[in-house]
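# Breakdown of the fold
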Amino acid sequence: FIHHNLIKDRDSRDRFQLEAEVTGRLEHPGIVPLYGIGQTDTGRLFYYMRYIDGETMDEAIQRYHQSRTTVGAASEQGVEFRRLLTSFISVCKTVAYAHNRGIVHRDIKPANIFLDQNVERVQLMDFGLARAVDDASLTRSGTLAGTPQYMSPEQARAETVDHRSDLFSLGSVMYAMCTGHAPFRAESSY
């Protein structure tokens, strides 16, 4: 659902619609398929998409790092880290697919990566900030959009971004996999 505070904001509604359009154009096993967009009787917009029975990469990272404090679980830890690494490689391939179609995600973070429990599938979601490389129509200058802990310096400065910003975010995800926390932590977003 679009947050009830944003329903009257035209820019927010446009971004919500854009996510549906962008995700609908990207058919890849590594992208959560978005089946459509709907509206409730009260005018609230929502997506309907494939249900994923699993966990976010963020949850898997936290579980892995919590298990590292358990004595005698070294072999299990190695298997879990290999699973995270394999998942990360899948996400990189998915991002490359989007980039080859001119789409920059702009909000790659562990919470937007889902590990499907039933099959060995990793899926990227939340294309709400994605945009075509040559389309800045929904990007307001001076507006911080994304998750600061994982965004590139140019994105944090609300400058124009391209595929390299997503690559920076992927590096930040790898950092979180290795350390158990985001590379940038502070009291405020700025």
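Residues numbered from 1 in each chain as written. Predicted model: local features only at pLDDT ≥ 70, side-chain atom pairs only at ≥ 80, totals over all residues. Heavy atoms only, no water.

Now for the packing of helix 2 (residues 57–67) against helix 5 (residues 163–179). It is at 8 Å that the axes of helix 2 and helix 5 come closest, and there the two elements cross at 30°. Classified by the interaxial angle, the pair formed by helix 2 and helix 5 is roughly parallel. Residues Met-57, Ile-61, Tyr-64 and His-65 of helix 2 form the contact with helix 5, whose participating residues are Val-173, Ala-176, Met-177, Cys-178 and Thr-179. (Axes fitted to C-alpha atoms, helices over the stretch in contact; angles between N-to-C directions. Helix = DSSP H or I, 4+ residues; strand = E, 2+ residues; numbered from the N terminus. Parallel < 35°, antiparallel > 145°, perpendicular 65-115°, else oblique. Contact = heavy atoms within 4.5 Å.)

Pairing analysis gives five bridges linking strand 1 (residues 34–39) to strand 2 (residues 45–49), with the strands arranged antiparallel. When the bridges of strand 2 are listed, Ile-37 appears paired with Tyr-47. Hairpin connection, strand 1 to strand 2: the antiparallel pair is bridged by five residues, and Gly-43 has positive phi, about 90°. (Pairing = 2+ DSSP bridges.)

Per-residue pLDDT for the protein chain has a mean of 79; in total, 77% of the residues score no lower than 70. When mean pLDDT is taken per element in the protein chain, helix 5 scores highest with 95 and strand 7 (residues 131–132) scores lowest with 58. When the criterion is pLDDT under 50, residues 136–142 qualifies, and its contacts beyond four places in sequence or with other chains add up to 10 contacts. (pLDDT = per-residue confidence, 0-100.)

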